[in-house]
Amino acid sequence: MPVRENVLRDQEVLRNPQQPVESPFIQYEPEQDQDVLENRYEFYYFANLAIFSLTTILFSFIFLSLEVASVWSVSGGILISLAILQASRYVRKYHKNKSKVR
């Protein structure tokens, strides 16, 4: 809110002290804001993509250093990465449901 509007509002309060003044503060409720929800879903998408990529590379490197064939090491890395993503979704859903009960 610009300074001029604040000054005008304060002057109005001094002229009419009985009149209720609108609060300049707005209650923020993130559940109602669709942009916030869209940004959260985009963040989850890119976070999941990054976790998948990093864990695939990590486990593939581990399997390759154990001298497993490259096809099996990449396949194993992908499977473990997908299992980690599924486990994180399960944990997130479990905590979300648990917080609703309280």
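Computed from a predicted structure; not experimentally measured.

### Some points on the overall build of the protein chain
Helix and strand counts for the protein chain come out as 3 helices and 0 strands. Listed by position from the N terminus, the elements making up the protein chain come as α-α-α. Contacts in the protein chain between residues at least 24 apart in sequence constitute 37% of all its contacts with a sequence separation of at least 6. Here the protein chain displays about 9200 Å² of accessible surface, and carbon together with sulfur accounts for 63% of that area.

### Details of unusual backbone geometry
Located in the positive-phi region is E67, a residue other than glycine, with phi close to 65°. Checked against the element boundaries, E67 lands in the loop between α2 (34-65) and α3 (70-101). Taking the relative accessible area as the measure of exposure, E67 reaches 74% and is therefore exposed.

### Digging into the environment of L79
With respect to the secondary-structure elements, L79 resides in helix α3. Judged by relative accessible area, L79 falls into the exposed class, the value being 60%. Residues L79 and F59, 20 residues apart in the sequence, show an inter-C-alpha distance of 9.7 Å.

### Some thoughts on a nonpolar patch on the surface
A cluster of nonpolar side chains, L58, F61, I62, L66, V68, V71 and W72, forms an exposed patch at the surface whose accessible area comes to about 750 Å². At 3 residues, α2 tops the list of elements feeding residues into the nonpolar patch. Mapped onto the secondary structure, L58 falls in helix α2. Taking the relative accessible area as the measure of exposure, L58 reaches 44% and is therefore partly exposed.

Cut-offs used in this document
Residue indices follow the written sequence of each chain, beginning from 1 at its first position. With pLDDT at 70 or above as the cut-off, local features in this predicted model cover only qualifying residues; side-chain atom pairs require 80 or more to be listed or tallied, and sums for whole chains, interfaces and linings still use all residues. Only heavy atoms go into the side-chain values, all of them from the structure, while hydrogens and water stay out. The secondary structure listing takes helices from DSSP runs of H or I that are at least 4 residues long and strands from runs of E that are at least 2 residues long, numbered from the N terminus. Note on contacts: a residue pair is in contact if any heavy atoms of the two residues lie within 4.5 Å. Exposure was quantified through the Shrake-Rupley algorithm and a 1.4 Å probe, taking into account, for residues, occlusion by the shown protein chains and nothing else. Any residue under 20% of the maximum accessible area for its type is buried, any over 50% is exposed, and the rest in between are partly exposed; the area is computed with a 1.4 Å probe on protein chains only. Nonpolar side chains (Val, Leu, Ile, Met, Phe, Trp, Tyr) within 5 Å and like charges within 9 Å form the patches, drawn only from residues with over 30% relative accessible area and no salt bridge. By definition here, a salt bridge exists when the distance from a side-chain nitrogen of Lys or Arg to a carboxyl oxygen of Asp or Glu is within 4 Å.

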